[in-house]
Amino acid sequence: MKVVIAGGGTGGHLFPGIALAEEVVTRHPSNDVLFVGTARGIEARVVPQSGFKLELIDVTGVKGRGLKGLIGGLLRLPAAVLRCMTILREYQADVVVGVGGYASFPMVFAGFLRGMPTAIQEQNALPGLTNRLLGKIARTVFISFDEAARFFPKDKVHNVGNPIRKALMENFLRPQEPHERFRILIFGGSQGAHAINVAAIDAARKLAPMRDKLEILHQTGAADREFTRKGYADAGVRAEVVEFIDDMSRAYATSNLVICRSGATTLSELTVCKKAAILVPFPYAADNHQEVNARSLVEKGAAVMIRQPELDGERLASEISSLMEDPSRLKKMERAAGLLGRPEAAKEIADVCVNLVYRGREQGAG
Ligand SMILES: CC(=O)N[C@H]1[C@@H](OP(=O)(O)OP(=O)(O)OC[C@H]2O[C@@H](n3ccc(=O)[nH]c3=O)[C@H](O)[C@@H]2O)O[C@H](CO)[C@@H](O)[C@@H]1O
């Protein structure tokens, strides 16, 4: 089976695609995956690093870019669709899966025009406009939250959860490594979060009396690394500060508490890795979907939410210290998170793709 996985831009769209690709290629030596993305997206770096093939297409977003951006984006679209049709023909793809992000639209549309099996994978509780549109033409829609089902035709929807990368799945099987200090993993989605960085440093100053019991791994994104590193050094709190964490498996495995945004892929990882979390939804995400995502964990007792307007060092430090001092509450949150985990998502999506391909071949033969 030859699978085209289209989309990316940010980690939240790309990493479920990588997880699906890992599942597809381990199933049979003749299986193959081709990623299609854009040069500006995270896929340009991560896909080759992960050992998969990548084709780049020229396409941009149309939403929130002003009139000029809208016209430019729309004008690029026909050429992008034609290019995608050529890629599908030359690669002899059997199925297209769109994971969201700019390349997803022209590729799923091209698959539809070629009459091939197509699917989209929506990570969020509230789907974006592009996936709502693609849901009308794709043969199958994979979702991860019940709330997303109402946006798509009922007979196409499979709620299987977000696929999680293999390294993280292995982490799920691995017992927590014992360590002396309370370890906090702080990250702001795939790009870092300034508001979290600022609040974390302020919280570190307030937590200084507990500094001997504390250890932090903090991903800042490109802009804030130096300022965050200095903030921890001034507060005297032990912290490893990095722009991006390549080994998220280790980062989760070695943490007692996670502080992060509530991007859908992150939340799926927290639940599969059974991690207690303090979630700070990104308030400017389309339709405030990160808060909707976060609520699904908070309502089940798996996480605490701090909305960004209420986020400051004081509040963050108080949530951290209350969790540090209450291991049984932390355990309960971990268990609640674990109950929400969907470790089979990649397998289930691959199964459905196999069915789509065989059904397509039978129809072609019949
Ligand atoms: C601002 C915005 O609209 N963000 C969206 C974007 O977020 P974003 O791309 O930030 O996505 P997520 O938080 O869902 O996922 C981040 C991914 O990056 C990985 N990671 C993160 C940091 C790091 O240093 N290393 C690393 O590998 C995480 O393990 C995870 O796999 O896509 C998500 C999935 O559609 C949406 O839910 C988010 O709302």
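Source: prediction; values computed, not measured.

## Re the overall build of the protein chain
Then, in step 1: A count of helical and extended segments in the protein chain gives 14 helices and 13 strands.
Then, in step 2: The C-alpha atoms of the protein chain give 21 Å as radius of gyration, which agrees with the globular expectation for 366 residues (21 Å, within 12%).
Then, in step 3: When burial is assessed residue by residue, the protein chain has 54% of its 366 residues classed as buried.
Then, in step 4: The contacts in the protein chain between residues at least 6 apart in sequence include a share of 64% that link residues at least 24 apart.
Then, in step 5: Accessible surface, the protein chain: about 16400 Å² in total, of which carbon and sulfur atoms supply 53%.
Then, in step 6: Treating the 47 positive side-chain charges of the protein chain as one cloud and the 40 negative ones as another, the clouds have centres 3 Å apart.

## Digging into the UniProt feature "domain: Glycosyl transferase family 28 C-terminal" (unreviewed entry) in the protein chain
Then, in step 1: Within this structure's numbering, the places UniProt gives as "domain: Glycosyl transferase family 28 C-terminal" (unreviewed entry) are residues 184-348.
Then, in step 2: In this annotation, residues 184-348 is assigned 48% helix and 15% strand; the end-to-end C-alpha distance for the span is 32 Å.

## Re the sheet that holds strand E3 (residues 53-56)
Then, in step 1: With respect to topology, 7 strands assemble into an open sheet ordered E3-E2-E1-E4-E5-E6-E7, the strand pairing being parallel. Whereas interior strands pair on both sides, the edge strands pair on one side only; in this sheet they are E3 and strand E7 (157-159). Across the sheet, the axes of successive neighbouring strands diverge by a mean angle of 25°, strand direction being ignored.
Then, in step 2: Here 4 bridges tie strand E2 (residues 32-37) to E3, and the two strands are oriented parallel to one another. Paired with phenylalanine 35 across the two strands is leucine 54, which belongs to E3.

## Concerning helix H3 (residues 66-91)
Then, in step 1: Look at H3: 36 Å from first C-alpha to last across 26 residues, which is about the 38 Å you get at 1.5 Å a residue.
Then, in step 2: Within H3, the axis deviates most sharply at leucine 77, by approximately 35°, and proline proline 78 lies no more than four positions further along.
Then, in step 3: Those residues of H3 that fall on the buried side of the exposure criterion are Gly69, Gly73, Leu77, Ala80, Val81, Cys84, Ile87, Leu88 and Tyr91.
Then, in step 4: Buried residues in H3 make contact with strand E1 (2-6), E2, E3, strand E4 (95-98) and helix H4 (104-113).
Then, in step 5: Immediately beyond the C-terminal end of H3, within one or two residues, lies glutamine 92, with a positive phi of roughly 60°.

## A look at helix H8 (residues 225-235)
Then, in step 1: Inspection of H8 places Thr228, Gly231, Tyr232 and Ala235 among the buried residues, and these make up the whole buried set. One face of H8 carries all of its buried residues, which in axial projection span an arc of 90°.
Then, in step 2: Considering only its buried residues, H8 is in contact with strand E8 (182-187), helix H7 (194-206), strand E9 (214-219) and strand E10 (239-242).
Then, in step 3: Within two residues after H8, glycine 236 carries a phi angle of roughly 70°, on the positive side.

## Digging into the side chain of threonine 60
Then, in step 1: By secondary structure assignment, the location of threonine 60 is in the loop between E3 and H3.
Then, in step 2: Look at threonine 60 and you get buried, because its relative accessible area is 19%.
Then, in step 3: Looking at threonine 60, its side chain comes within polar contact range of the side chain of arginine 76, at 3.2 Å.

## Description of the domain arrangement of the protein chain
Frequently, the measure chosen for interface size is the accessible area removed from exposure when the parts meet.
Then, in step 1: Structurally, the protein chain comprises domain 1 (2-164 + 343-365) and domain 2 (168-340).
Then, in step 2: The centre of domain 1, based on its C-alpha atoms, is set 30 Å off from the matching centre of domain 2.
Then, in step 3: Listed by partner, the interface residues are 19 residues for domain 1 and 18 residues for domain 2.
Then, in step 4: Regarding the contact of domain 1 and domain 2, the summed buried area is about 1500 Å², with carbon and sulfur atoms giving 66% of it.
Then, in step 5: Broken down residue by residue, the surface that domain 1 buries against domain 2 is led by Leu126, Ile164 and Pro343, which jointly contribute 39%.

## Notes on the site of the ligand
Then, in step 1: Among the 25 residues in the neighbourhood of the ligand, the closest are listed as Asn124, Ile245, Thr266, Glu269 and His289.
Then, in step 2: For the ligand, an oxygen atom lies 2.7 Å from a polar atom in the backbone of isoleucine 245.
Then, in step 3: Within the side chain of histidine 289, an N or O atom sits 2.6 Å from an oxygen atom of the ligand.
Then, in step 4: In isolation the ligand exposes 760 Å². Once the protein is present, 91% of that is buried.
Then, in step 5: Listing elements by their share of the shell around the ligand, those giving two or more residues are helix H1 (11-27), helix H10 (264-272) and helix H11 (289-298).
Then, in step 6: No fewer than three residues from each of domain 1 (2-164 + 343-365) and domain 2 (168-340) sit in the shell around the ligand.

The rules we used
- Residues numbered from 1 in each chain as written.
- Predicted model: local features only at pLDDT ≥ 70, side-chain atom pairs only at ≥ 80, totals over all residues.
- Heavy atoms only, no water.
- Helix = DSSP H or I, 4+ residues; strand = E, 2+ residues; numbered from the N terminus.
- Rg over C-alpha atoms; globule rule 2.2 N^0.38 Å.
- Buried < 20%, exposed > 50% of the residue type's maximum accessible area, 1.4 Å probe, protein only.
- Contact = heavy atoms within 4.5 Å.
- Areas by Shrake-Rupley, 256 points an atom, 1.4 Å probe, with all protein chains shown as cover.
- Lys, Arg positive; Asp, Glu negative; His and termini not counted.
- Charge placed at Lys NZ, Arg CZ, Asp CG, Glu CD.
- UniProt positions renumbered as here; feature names shortened; annotations may be inferred.
- Pairing = 2+ DSSP bridges.
- Axes fitted to C-alpha atoms, helices over the stretch in contact; angles between N-to-C directions.
- Expected span 1.5 Å × (residues − 1).
- Bend = angle between axes of the 7 residues up to and from the residue.
- Arc of directions from axis to C-beta.
- Polar contact = N/O pair within 3.5 Å; in protein donor to acceptor, adjacent residues only side chain to side chain.
- Domains from an automatic or database assignment.
- Buried area = accessible area lost by both parts, 1.4 Å probe.
- Near = heavy atom within 4 Å.

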